[in-house]
Number of protein chains: 2
Amino acid sequence: MSSDSDRECPLDGDPHQQEMVPSKKSAVLVDGVVLNGPTTDAKAGEKFVEEACRLIMEEVVLKATDVSEKVCEWRPPEQLKQLLDLDMRNTGEPHHRLLELCRDVIRYSVKTNHPRFFNQLYAGLDYYSLVARFMTEALNPSVYTYEVSPVFLLVEEAVLKKMIEFIGWKEGDGIFNPGGSVSNMYAMNLARYKYCPDIKEKGLSGLPRLILFTSAECHYSMKKAASFLGIGTENVCFVETDGRGKMIPEELEKQIWQARKEGAAPFLVCATSGTTVLGAFDPLDEIADICERHGLWLHVDASWGGSALMSRKHRKLLRGIHRADSVAWNPHKMLMAGIQCCALLVKDKSDLLKKCYSAKASYLFQQDKFYDVSYDTGDKSIQCSRRPDAFKFWMTWKALGTLGLEERVNRALALSRYLVEEIKKREGFKLLLEPEYANICFWYIPPSLREMEEGPEFWEKLNVQPGLRLISYTCVSAFLSGARARDLTNNQRWPQPLRSG
Amino acid sequence: MSSDSDRECPLDGDPHQQEMVPSKKSAVLVDGVVLNGPTTDAKAGEKFVEEACRLIMEEVVLKATDVSEKVCEWRPPEQLKQLLDLDMRNTGEPHHRLLELCRDVIRYSVKTNHPRFFNQLYAGLDYYSLVARFMTEALNPSVYTYEVSPVFLLVEEAVLKKMIEFIGWKEGDGIFNPGGSVSNMYAMNLARYKYCPDIKEKGLSGLPRLILFTSAECHYSMKKAASFLGIGTENVCFVETDGRGKMIPEELEKQIWQARKEGAAPFLVCATSGTTVLGAFDPLDEIADICERHGLWLHVDASWGGSALMSRKHRKLLRGIHRADSVAWNPHKMLMAGIQCCALLVKDKSDLLKKCYSAKASYLFQQDKFYDVSYDTGDKSIQCSRRPDAFKFWMTWKALGTLGLEERVNRALALSRYLVEEIKKREGFKLLLEPEYANICFWYIPPSLREMEEGPEFWEKLNVQPGLRLISYTCVSAFLSGARARDLTNNQRWPQPLRSG
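Calculation notes
Residues numbered from 1 in each chain as written. Chains lettered and ligands numbered in written order. Predicted model: local features only at pLDDT ≥ 70, side-chain atom pairs only at ≥ 80, totals over all residues. Heavy atoms only, no water. Contact = heavy atoms within 4.5 Å. Buried area = accessible area lost by both parts, 1.4 Å probe. Salt bridge = Lys/Arg side-chain N within 4 Å of Asp/Glu carboxyl O. Helix = DSSP H or I, 4+ residues; strand = E, 2+ residues; numbered from the N terminus. Buried < 20%, exposed > 50% of the residue type's maximum accessible area, 1.4 Å probe, protein only. Expected span 1.5 Å × (residues − 1). Arc of directions from axis to C-beta. Least-squares fit on C-alpha atoms with pLDDT ≥ 70 in both. Core = buried A, V, L, I, M, F, W, Y, C linked by side-chain atoms within 4.5 Å. Pairing = 2+ DSSP bridges. Axes fitted to C-alpha atoms, helices over the stretch in contact; angles between N-to-C directions. Phe/Tyr/Trp six-rings, centres within 6.5 Å; stacked < 30°, edge-to-face > 60°. pLDDT = per-residue confidence, 0-100. Polar contact = N/O pair within 3.5 Å; in protein donor to acceptor, adjacent residues only side chain to side chain. Parallel < 35°, antiparallel > 145°, perpendicular 65-115°, else oblique. Left-handed = near helix turned anticlockwise from the far one by under 90°. Nonpolar A, V, L, I, M, F, W, Y, C, P; charged D, E, K, R; others polar.

## Quick notes on the interface of chain A and chain B
Line of reasoning, step 1. Across the contact, 189 residues belong to chain A and 189 residues belong to chain B.
Line of reasoning, step 2. Contact between chain A and chain B buries roughly 16,600 Å² in total, counting both sides, with carbon and sulfur atoms accounting for 62%.
Line of reasoning, step 3. Three residues stand out in chain A for area buried against chain B, namely A:M88, A:F228 and A:Y418, and they jointly supply 6% of the buried area on that side.
Line of reasoning, step 4. Counting every contact that joins chain A to chain B gives twelve salt bridges.
Line of reasoning, step 5. Among the ionic pairs, A:E157 bridges to B:K81, the shortest N-O distance being 3.3 Å.

Given below as structure tokens:
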């Protein structure tokens, strides 16, 4: 550290020349603030960080693999409020008290790293992405221009390029963003821009009704996106799925014709690779044929299923994905890169992403910088500040190699097979359907219903059992959640067709 | 840790009963994967995390306060690619190699914590938010339902409540989201929903042209939002600003009348509290009067200036903010909570946010849970997975207290005063205007131009100097960026009116 005490001064120059009130020891006092005093006690702060890191290491990282620990010390909201000291007061708390707070936060939080955390499509601890995430927080970057994020922008470029390779495109573009839902919004807006670039400036007012098509089993973000983008949820056309939850291509084409007949303007088909509850993969090749025939943008929401691309054994689930115009893929799910790590990938290389999203803010994106400004990717984004989410996936990829990532996928799907076989053998468990991915959906049938015939009465009774739900379990990224049978699909085809059990 | 070896088995039950190939030591082999073997070497992984943490501590945290360190070891893109080993290969790298990579990433990254980092509206290191961010990464939560994020949802509620108090509302609602740009989008959509709830389902097609009003000095995200939401950038009406960059209320009202006359449908005024380049604060009270008269939603983009609310001395800059319908406020800027920490705050308490954003996904947001489901705030969001960004701000607030946060703001603004006085005294520096916040805009005039009269020729020459830009410098959250004079404002009133220098 420099010994030059002048460097502690907020600005170089002689403080005595200022129109300020000098106090003893040449303090520079402006508006009652001593400018050249220390703002924080760095030594104490550093010590606090060190102690907290030790706590995090002991209480979270080292316990992550310990099945004897609780997943969560559950408390209902009102009780938890009593247990935690949430109030923000006028004066701060001392470090030892803050460490106690940290301990409480950990104690009452859900340990998503825990071997028994079965929820919401992700789980487990990846040591490499964790290190990358710690680095990100310490460096606190924002990824918009090369001059402030040189390394992270190059890393993002490298990761996108590799993901594009796994999709099977020769080239492409993309952007990491905060979530699969947001990726789907990006794609929807991009498809709309491609359909009619004027919408960027003119808006939708006065245009014919834009309409898009997606599977009845799609993620709920499609509705959110249509609403947010001003398209309207009624203009999301939900295409019927087959018994395995896959979009029926013939139904899609019928709906497109029907929409045209009604004067609406189809512009997008969103196929799903790995639906949220059933883990179904839409038939991409057949859907791509239809999109080609009708000149429609094909987006594939592979937020969940995209990771199968890493496995030579399982990538056939996404056969035809190279024909998509855009793909959403979240490495934070099965590949364990940490929340959030989500890419939108785009086949176009004519800078469509930038044309569609740019606002050309002159304070950030000057065109006369002294380096190649194509690295200033911030103007492709709907965000201004943006986190370097590609970096954590890159670190894991560096650590495990492509083969290690493949193994991760293969293992998850082998675990699923194992669970399926278990369910089939056990009394009181009923498989909903043979899974093709890591989602295993089954019912627990209480003893009172086990002898009953599977008619309407059976399903009615199963539905009203308190707390009893259809269980959708995914392996590795393990997901023990529930939907009542009657809520299970958008098109309400369940509950009756559970013939596969 | 449990000594029961069965627990290492992916599922309870006797593996010998399975239709699988048992290898030696009762391995459960499915599809070529040994399911009951360890997936990763936890001990080695833990050791790697510990070593990396030490590196981060030494190279980032401990050096953060050291002015003798470089802010960045700058390399142009092509050269940096050579220096970094970015390739992702089939096989992984050993830990010692990964640690070298980490070291390189740190070395070539910009140290945003560095005392000499002057860029992009944030800077410095807050030890408390850093600890919270490390905890977040270790716990890897996603904030949508209380059952998976009990602590973080209660923390978010507490922080929002406190921010609402500082705005001056009796009650309200809100959501943390990934950026001020996204906050502005949220507000725009909310105002549109309030104006015409049917748009959620029906979309904008067939409706009159919606129009919104904002200052010519507003953040570029207003255009991005209008484009993304299907409103169109041409329907963002930029209201003229005065010599200090503040929206002129009379001009606003004129524009509203004009828009009405043209058959457009005004629905929103977005005022800015703390513009990006000039740090200007729009006159909120006068604007609120106009919004009341015309029945328009008033959104205040206080992403940058909102932090002044924490200071009794400076909160007058936002006089009238309590009359806003929504406010964007980013504690990751002057309050140093870490990228990203951004709240959209809404005055309405009739659950407007939820009505506007909900998609009611039954796999997450069941209504018959065993706790108060109003804590399942995920359906208020455009995201599905969401990071617990409120938590880092909460930790800083707990550590410093309200008074400590106030001091942080007061110090930043005192530093600004100091810089202004310096600029005034120095030859070759020209203040653009007297700042009211922490943005200090000035020109460096090269010796060759110092004797020239400030006519058109002077400004032309100043503009074409290679690399010479108007410098906008903000204190604490220090921002040394640039816009050419001709790019400085949306309404192109500059360069000529630099009379305040």
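Next comes the rest of the account.
## Digging into the pattern of salt bridges
Line of reasoning, step 1. Applying the stated rule across the entire model yields 86 salt bridges over all chains.
Line of reasoning, step 2. With a shortest N-O distance of 3.2 Å, A:K224 and B:D379 are connected by a salt bridge. Here A:K224, found in helix α8 (residues 221–228), pairs with B:D379, found in the loop between α11 (352–357) and α12 (390–425), and the two come from separate chains.
Line of reasoning, step 3. Classification of A:K224 by relative accessible area gives buried; the value is 6%.
Line of reasoning, step 4. The shortest N-O distance in the salt bridge between B:E434 and B:R417 comes to 3.4 Å. With B:E434 in the loop between β10 (429–431) and β11 (439–444) and B:R417 in helix α12, the pair connects residues that are 17 residues apart, well separated along the chain.
Line of reasoning, step 5. Given the relative accessible area of 32%, B:E434 is considered partly exposed.
Line of reasoning, step 6. Residues joined by salt bridges that share partners form a network here, namely A:R133, A:E137, A:R387, A:D389, A:K392, B:R133, B:E137, B:R387, B:D389 and B:K392.

## Notes on helix α9 (residues 249–261) of chain A
All names here are of chain A.
Line of reasoning, step 1. Taking 1.5 Å of rise per residue, the 13 residues of α9 would be expected to cover 18 Å, and the 19 Å separating its terminal C-alpha atoms lies within 8% of that figure.
Line of reasoning, step 2. Every buried residue of α9 is listed here: P249, L252, E253, I256 and A259. Within α9, the buried residues cover an arc of 125 degrees as seen down the axis, which keeps them to one side. In α9, the exposed residues that point more than 90 degrees away from the buried face are E250, K254, W257 and K261.
Line of reasoning, step 3. The secondary structure elements touched by the buried residues of α9 are β4 (210–215), β5 (236–239), β6 (265–272) and α10 (284–294).
Line of reasoning, step 4. Backbone geometry just downstream of α9 places G263 in the positive-phi region, at approximately 85 degrees.

## A few points about the relation of the copies chain A and chain B
Line of reasoning, step 1. Rotating chain A by 180 degrees and moving it 0.0 Å along the rotation axis overlays it on chain B with an RMSD of 0.0 Å. In symmetry terms, the pair is related by a two-fold rotation axis. When C-alpha positions in chain A are compared against the rotation axis, the closest is assigned to A:L229, at 2.0 Å.

## Looking at the nonpolar core
Line of reasoning, step 1. In this structure, A:V327, A:L345, B:V269, B:V327 and B:L345 are the most contacted members of the largest nonpolar core, which totals 202 residues.
Line of reasoning, step 2. The residues touching A:V327, leaving out its near neighbours within four places in the chain, are A:I167, A:W169, A:H299, A:V300, A:A302, A:I321, A:A343, A:L344 and A:L345.
Line of reasoning, step 3. The next biggest cluster of nonpolar side chains, apart from the first, holds 68 residues, and it includes A:W297, A:L353, B:Y186 and B:A225.

## Examining the environment of A:P150
Line of reasoning, step 1. Position of A:P150 among the secondary structure elements: in helix α5 (residues 150–167).
Line of reasoning, step 2. The spatial distance from the C-alpha of A:P150 to the C-alpha of A:R386 is 14 Å, given a sequence separation of 236 residues.

## Details of the sheet that holds strand β4 (residues 210–215) of chain B
Residue and element names in this part refer to chain B.
Line of reasoning, step 1. One open sheet accounts for seven strands, arranged β3-β9-β8-β7-β6-β4-β5; its pairing is mixed. Because the sheet does not close on itself, it has two edges, and the strands there are β3 (173–177) and β5 (236–239). Each strand axis lies, on average, 20 degrees off the axis of its neighbour in the sheet, ignoring direction.
Line of reasoning, step 2. Note that strand β7 (residues 297–301) and strand β8 (residues 326–329) share three bridges and pair parallel. Following the sheet pairing, D301 is matched in β8 by A328.

## A word on the packing of aromatic side chains
Line of reasoning, step 1. This structure, assessed with the given rule, holds 48 aromatic pairs over all chains.
Line of reasoning, step 2. With centroids separated by 5.6 Å and ring planes inclined at 90 degrees, the aromatic side chains of B:F370 and B:Y371 adopt a geometry described as edge-to-face.
Line of reasoning, step 3. Given a relative accessible area of 64%, B:F370 falls into the exposed group.
Line of reasoning, step 4. Judged by relative accessible area, which is 7%, B:Y371 ranks as buried.
Line of reasoning, step 5. Put simply, the rings of A:Y186, A:F228, A:Y357, B:Y186, B:F228 and B:Y357 pair up and form one aromatic cluster.

## Overview of helix α3 (residues 95–108) of chain A
Line of reasoning, step 1. The end-to-end C-alpha distance of α3(A), which contains 14 residues, comes to 20 Å, matching closely the 20 Å that a straight helix rising 1.5 Å per residue would cover.
Line of reasoning, step 2. Among the residues of α3(A), A:R97, A:L98, A:L99, A:L101, A:C102, A:V105, A:I106 and A:Y108 are the ones counted as buried.
Line of reasoning, step 3. Residues of α3(A) that are buried in the fold lie against α1 (42–61) and α2 (77–83) of chain A together with α4 (127–139), α5 (150–167) and α12 of chain B.

## Observations regarding the confidence of the model for chain A
All names here are of chain A.
Line of reasoning, step 1. Looking at chain A, pLDDT values average 87 and 87% of them are 70 or higher.
Line of reasoning, step 2. Counting contacts from residues 1–23, a segment whose pLDDT is below 50, to residues more than four positions away or on other chains yields 39 contacts.
Line of reasoning, step 3. Low pLDDT (under 50) marks residues 476–501, which in the prediction has 98 contacts with non-local residues, meaning those over four places away or in another chain.
Line of reasoning, step 4. In the predicted assembly, ipTM is 0.90 and pTM is 0.90.

## Let's talk about the sheet that holds strand β3 (residues 173–177) of chain A
Hydrogen bonds along the backbone pair up the strands of a sheet, which may run parallel or antiparallel.
Residue and element names in this part refer to chain A.
Line of reasoning, step 1. Strands sit in the order β3-β9-β8-β7-β6-β4-β5 across an open sheet of seven strands; the sheet is mixed. Where the open sheet ends on each side, the last strands, each with one partner, are β3 and β5. The sheet shows a mean angle of 20 degrees between the axes of neighbouring strands, taken without regard to direction.
Line of reasoning, step 2. Where β3 lies against strand β9 (residues 342–346), five bridges are found, and the strand directions are antiparallel. Considered in β9, the bridge of I175 is made with L344.
Line of reasoning, step 3. Along the sheet, α5 makes contact with β3, β8 (326–329) and β9, crossing β3 at roughly 115 degrees.

## Some points on the side chain of B:D173
Line of reasoning, step 1. Looking at where B:D173 falls in the secondary structure, it is placed in strand β3.
Line of reasoning, step 2. In terms of polar contacts, B:D173 uses its side chain to reach the side chain of B:K380, at 2.8 Å.

## Thoughts on the pairing of β9(A)
All names here are of chain A.
Line of reasoning, step 1. Counting buried residues along β9, five of its five residues qualify, which places the element largely inside the surrounding structure.
Line of reasoning, step 2. Residues of β9 alternate between two faces, with C342, L344 and V346 on one and A343 and L345 on the opposite face, all of them buried.
Line of reasoning, step 3. In this structure, β8 lies alongside β9, joined through four bridges in antiparallel fashion. Looking at the pairing, V327 lines up with L345 of β9.

## Examining the environment of B:L83
Line of reasoning, step 1. Along the polypeptide, B:L83 turns up in helix α2 (residues 77–83).
Line of reasoning, step 2. Look past the residues within four positions of B:L83 in its chain and what remains in contact with it is B:R75, B:D104 and B:Y108.

## What to know about the packing of helix α1 (residues 42–61) of chain B against helix α3 (residues 95–108) of chain B
All names here are of chain B.
Line of reasoning, step 1. Two elements in contact, α1 and α3, have axes whose closest approach is 11 Å; the angle formed by their N-to-C orientations is 25 degrees. Considering their axes alone, α1 and α3 lie roughly parallel with respect to each other. Here the hand of the crossing between α1 and α3 comes out right-handed. Contacts between α1 and α3 involve A44, G45, F48, E51, A52, L55, E59 and V60 on the former and, on the latter, H95, L98, L99, C102, R103 and I106.
Line of reasoning, step 2. Counted by class, the contact of α1 with α3 contains nine nonpolar, two polar and three charged residues.

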